[in-house]
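Summary of the model geometry
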Amino acid sequence: MTTPAEDIEDTDPGMARERTELAWTRTAVSFAALGGVILRGHPYAGIPILGVSALIWQLGRLAGAPGAGRSRPRRLLLIAVAVTGVSLAALALTLIGPESGGLRI
Amino acid sequence: MPRLSRTRRGRTNASRHQDPAGAAESADGTEPDARFTLANERTFLAWSRTALALVIAGLAIVQLLPPFPGVPWGRHIIGTPLILLGSAVAVISYLEWTGNQRALRRGEPMARSRLPGILAVTIAIIGLVAAALALVSGGTGN
């Protein structure tokens, strides 16, 4: 129909910023889902994960800001460290945690 | 040469938008088009979610699945590799993000990602182990 004005195209070409913000939001929601599930059984593990989720949500709102390139490696390192930390905690739980009888459905 | 490699990847349209004033020259290459940086970032975030899903799946298998009758370590045999795979994907995706960003700055061709291969092979092995376990354990034990 109508072509977008030139200045709109320039501020967010290909909607790249918005798509990246949405990708951050999806990542935050993934962490929130994990934290929410763990919160029931292990509140002390669930609360930090929910905290990380909130932090990722906030970082995602900054992700699209122009000139945010300097802090990018640190923000992405936070995600990598958080996922690795969660997986190491999960590994410890499966190897040395209490034996689970399984969920009876 | 850098322009050539981008052309081969079908990014000629994008380089048109590159702002020469915003392209800060430095010792470590040129700041790439923001869209390349953001696409690289999205790829990393997508791999991170994959890693998180693998960890959740492994944890769910060990904690929620009823034990395999006759195979007491059956759940751990499937679940632990999934958690380790999630951990590996998280670390490798960060290293690949760093490498891709460096390649973008220098205008070099990007290295091919090793993650799809690692993911496919590991999940195939886990699938075969799970199938063997399902056959060996024999029924639901009701």
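Residues numbered from 1 in each chain as written. Chains lettered and ligands numbered in written order. Predicted model: local features only at pLDDT ≥ 70, side-chain atom pairs only at ≥ 80, totals over all residues. Heavy atoms only, no water.

**With respect to the overall build of chain B**
The test is simple: Secondary structure elements are defined from DSSP: runs of H or I of at least 4 residues count as helices, runs of E of at least 2 residues count as strands, and each element is numbered from the N terminus. Three labels apply to residues, based on accessible area from a 1.4 Å probe with only protein chains included: buried if under 20% of the type maximum, exposed if over 50%, partly exposed otherwise in between. The contact definition used throughout considers only heavy atoms, calling two residues in contact when any of these lie within 4.5 Å. In this description, accessible areas are obtained by the Shrake-Rupley approach with a 1.4 Å probe, and a residue is regarded as covered only by the protein chains that are shown.
Within chain B, the regular secondary structure consists of five helices and two strands. Counted from the first residue to the last, chain B has its helices and strands arranged as α-α-β-β-α-α-α. Of all 142 residues assigned to chain B, the portion counted as buried reaches 40%. Taking all contacts inside chain B whose residues are at least 6 apart in sequence as the whole, residues at least 24 apart take part in 66%. Per element, the accessible surface of chain B, about 7600 Å² overall, is 65% carbon and sulfur.

**Observations concerning helix H3 (residues 43-63) of chain A**
Residue and element names in this part refer to chain A. Our working definition: Here a helix's expected span is defined as the number of its residues, less one, multiplied by 1.5 Å. Read the arc as the range of directions from the helix axis to the C-beta atoms.
Taking 1.5 Å as the rise per residue, H3 with 21 residues should run 30 Å; its terminal C-alpha atoms sit 30 Å apart, in good agreement. Buried residues of H3: Gly46, Ile49, Ser53, Ile56, Leu59, Gly60 and Ala63, and no others. Seen end-on, H3 carries its buried residues on one side only, within an arc spanning 140°. Across from the buried face of H3, at angles greater than 90 degrees, the exposed residues are Tyr44, Ile47 and Arg61.

**Quick notes on a nonpolar patch on the surface**
Residue and element names in this part refer to chain B. Stated precisely, the cut-off is as follows: Exposure above 30% relative accessible area and the absence of a salt bridge qualify a residue for a patch, where like charges join within 9 Å and nonpolar side chains (Val, Leu, Ile, Met, Phe, Trp, Tyr) within 5 Å. Salt bridge, as used here: a side-chain nitrogen of Lys or Arg that lies within 4 Å of a carboxyl oxygen of Asp or Glu.
Taken together, the side chains of Trp73, Ile77, Val121, Ile125 and Val129 define a hydrophobic patch exposed on the protein surface, amounting to about 470 Å² of accessible area. Here the nonpolar patch gets three residues from one element, more than from any other, and that element is helix H5 (residues 115-137). Tracing the backbone through its elements, the reader meets Trp73 in the loop between helix H3 (34-64) and helix H4 (74-106). What makes Trp73 exposed here is its relative accessible area of 53%.

**Observations regarding the confidence of the model for chain A**
Do not read the predicted coordinates in detail wherever pLDDT is low. For the record, the criterion: Scored from 0 to 100, pLDDT reflects the predictor's confidence in each residue.
Residues with a pLDDT of 70 or more make up 80% of chain A, whose mean pLDDT is 81. The secondary structure element of chain A with the lowest average pLDDT is helix H1 (residues 6-11) of chain A, at 58, and the one with the highest is helix H2 (residues 16-41) of chain A, at 90.

**Here we look at the interface of chain A and chain B**
Interface extent is often summarised as the accessible area lost during association of the parts. Residue-level contacts link 40 residues of chain A with 34 residues of chain B. Of all the secondary-structure elements, those providing two or more residues to the side of chain A that touches chain B are H1, H2 and helix H4 (72-96) of chain A. The element contributing the most residues to the side of chain A that touches chain B is H4(A), with 16 residues.

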